[in-house]
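Residue-level structure breakdown
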Amino acid sequence: MTSSFKLRILLTRQEIEAAIRKLAAEISHDYRDRYPLLIGVLKGSFMFLADLIRNLDFPLEVDFIRLSSYGGATESSGKVRVVHHLCSEVAGRDVLVIEDIVDTGLTIAFLLDYLRKKKPASLRLCALADKPSRRRVPVVIDYPGFTVPDQFLVGYGLDWDERFRNLPEIYAVDADGP
Ligand code: 5GP
């Protein structure tokens, strides 16, 4: 990544809110009486998860898992491991994974496989953003928010080397100059 760059707004606060309301309506329809376990993938999904569950008015449980993925670089290494484990029992639960972006798919494919081995009653994926052009393994996103172009994004929980998570919108990072 260049040291000279510009942030260009890709998704406004209003667009994100509208997408979340739509996702929340679908999730409410499917999970209202199932006391689901929502698993947020740290760190990137924390803002999305917080806004999503504010729109879910039925009993649910929240837990978090942290996986190693990008480190400080912008390319997935393909090597994934759990660095912060779940506290909840997954066996027999209706589990909904809340992810920020599905890019190559390697991280989420690992996580879904990891959770499937714990024998949940059901397992589905909700992702705010999908970058299908970069996919290396097939992933079914049951509740997709946006399809985004092949660009590095920051804001709304997404970082660049731990910066920019606090921006309320999503920005594309453009290289500026030669
Ligand atoms: P994957 O394994 O699908 O290639 O990447 C998964 C993880 O990489 C995502 O959960 C996210 O944390 C990170 N990631 C993928 N694309 C981007 C991006 O454009 N910006 C940021 N900040 N993180 C990304």
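Residues numbered from 1 in each chain as written. Predicted model: local features only at pLDDT ≥ 70, side-chain atom pairs only at ≥ 80, totals over all residues. Heavy atoms only, no water.

Formed by 30 residues in total, the largest nonpolar core has its most connected members in Ile 27, Leu 52 and Cys 126. Counting residues per element, the ones that place at least two in this core are helix H1 (13–31), helix H2 (46–53), strand E5 (94–102), strand E6 (122–130), strand E7 (143–147) and strand E9 (170–175). Top contributing element to this core by residue count: H1, with seven residues. Sequence-distant contacts of Leu 52, defined by excluding residues within four places in its chain, comprise Ile 20, Leu 23, Ala 24, Ile 27, Ile 98 and Cys 126. (Core = buried A, V, L, I, M, F, W, Y, C linked by side-chain atoms within 4.5 Å. Buried < 20%, exposed > 50% of the residue type's maximum accessible area, 1.4 Å probe, protein only. Helix = DSSP H or I, 4+ residues; strand = E, 2+ residues; numbered from the N terminus. Contact = heavy atoms within 4.5 Å.)

Attention now goes to the site of the ligand. Close to the ligand lie 17 residues; Asp 100, Thr 104, Thr 107, Leu 153 and Asp 159 are nearest. Between the ligand and Glu 99 there is a distance of 3.0 Å, counted from an oxygen atom to a side-chain nitrogen or oxygen. Against a free-state accessible area of 500 Å², the protein chains account for coverage of 94% of the ligand. Elements that contribute at least two residues to the shell around the ligand include exactly E5 and helix H3 (106–116). Here the residues of the shell around the ligand sort into seven nonpolar, five polar and five charged. (Near = heavy atom within 4 Å. Polar contact = N/O pair within 3.5 Å; in protein donor to acceptor, adjacent residues only side chain to side chain. Areas by Shrake-Rupley, 256 points an atom, 1.4 Å probe, with all protein chains shown as cover. Nonpolar A, V, L, I, M, F, W, Y, C, P; charged D, E, K, R; others polar.)

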